[in-house]
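Residue-level structure breakdown
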Amino acid sequence: MEFLADMGMPLVQVKQKFTSMDVEFKANVEEWIEGRAQKYNLQRIVFGSFHTQYGYRNKYCAMDIVYATTALLESREETKTPSDRFLCALDCLSRSNVELLLKGVESSKQLMTAILNTVNGFIDMHQIISAGPFLYGFLQQGTPDVKFFARPLCLMMLARFLLHAYVVTTRNKKAKSLPLVLSVPSSVAEGTSILIGVPPHSEECQKNLFGKAFEQAAEKTGSRTSHDFFDTSILEMKTDDRSKFFDALISLMT
């Protein structure tokens, strides 16, 4: 809100949809955002993209579609199977299913809000710990919005933003060179958690070495893990095995 106030945006304008804002504000908002981004250390806040438009009312950039389909694909609706979620995400790409796309956009807004609130909680409560060769954090069961992050893509967005936020706010000078491991509850009934490893914030290559390290740590400790994700830097494991798994991971990466 401070950023919007610095732009001179009235509260009545920012609380409504962009299409409903006064023409003066709509015409200048991009220029105002770019002009104040550096002051708040906001990088690449404006970038080039492709656009698609359905009729006169529905105009979307490529990023809108990506976030909407991601939200539908990783929906937490318990009545939907993975196949249902896939077909739902696929259907939203059709021009005849604009309402479904809008649902995805709204769901993605909820996800972005959950990511922001969760990251703020981690930073404010100093819940990012340095284990030596990497940083780590645990999102506990019962934490607000935890339900959003038991899916791989949503968890990846959270982990990357969390690492970025930690690096720009901490006094730890080594933080830029350290990767992050984040654990969130997956299934309370089955006693499982999902782990993800993301590379250091400062690396240009962004090469992720956690896939092999996770595999070796699990094998060394006999941890009960499942490596069923396309990305090898994400795995599911029994929460009871997490402590010994982390001890082995620290030893391997030291």
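Below you will find a few notes about this structure. Note that this is a predicted model, so its numbers are computed, not measured.

Thresholds applied
The numbering scheme is per chain: residues are counted from 1 as the chain's sequence reads. Given that this is a predicted model, residues contribute local features only at a pLDDT of at least 70 and side-chain atom pairs are listed and counted only at 80 or more, while totals for whole chains, interfaces and linings are drawn from all residues. Neither water nor hydrogens contribute to the side-chain values; these are computed over all heavy atoms in the structure. Secondary structure is summarised from DSSP: a helix means a run of H or I of at least four residues, a strand means a run of E of at least two, and numbering begins at the N terminus for each. The contact definition used throughout considers only heavy atoms, calling two residues in contact when any of these lie within 4.5 Å. Here the open area of atoms and residues is found with the Shrake-Rupley method and a 1.4 Å probe, where only the protein chains shown may cover a residue. His is not counted, nor are the chain ends; Lys and Arg add positive charge and Asp and Glu add negative charge. Lys charges are placed at NZ, Arg charges at CZ, Asp charges at CG and Glu charges at CD. Two rings belonging to Phe, Tyr or Trp (six-membered ring only in the last case) form a pair when the distance between their centres is within 6.5 Å. Interplanar angles under 30 degrees mark stacking, angles over 60 mark edge-to-face geometry, and anything in between is tilted. Per-residue accessibility, obtained with a 1.4 Å probe over protein chains only, is compared with the maximum for each type, and a residue is labelled buried under 20%, exposed over 50%, and partly exposed between these values. Two limits define a charge over a ring: the Lys NZ or Arg CZ must be within 6 Å of the ring centre, and within 35 degrees of the ring normal.

Things to note about the overall build of the chain
Scanning the chain for helices and strands turns up nine helices and eight strands. Along the first, second and third principal axes, the C-alpha atoms of the chain reach 60 × 45 × 35 Å. Restricting the contact set of the chain to residue pairs at least 6 apart, pairs at least 24 apart contribute 58%. Approximately 15,500 Å² of the chain is accessible, and the part contributed by carbon and sulfur atoms is 54%. The centroid of the 28 positive side-chain charges in the chain is displaced by 2 Å from the centroid of its 28 negative side-chain charges.

Focus on the packing of aromatic side chains
The full count for this structure, using the stated rule, is 10 aromatic pairs. With a centroid separation of 6.0 Å and an interplanar angle of 70 degrees, the aromatic rings of F25 and W32 are classed as edge-to-face. With a centroid separation of 5.8 Å and an interplanar angle of 55 degrees, the aromatic rings of F214 and F245 are classed as tilted. With a gap of 31 residues between them, F214 in helix 8 (residues 210–221) and F245 in helix 9 (residues 242–253) connect regions that are remote in the sequence. Like F214, the residue F245 is buried in the burial classification. Here the aromatic cluster, defined as three or more aromatic residues joined through ring pairs, consists of F134, Y136, F138, F210, F214, F245 and F246. In this structure, R242 is placed above the aromatic ring of F138, and the distance from its NZ or CZ to the ring centre is 3.9 Å.

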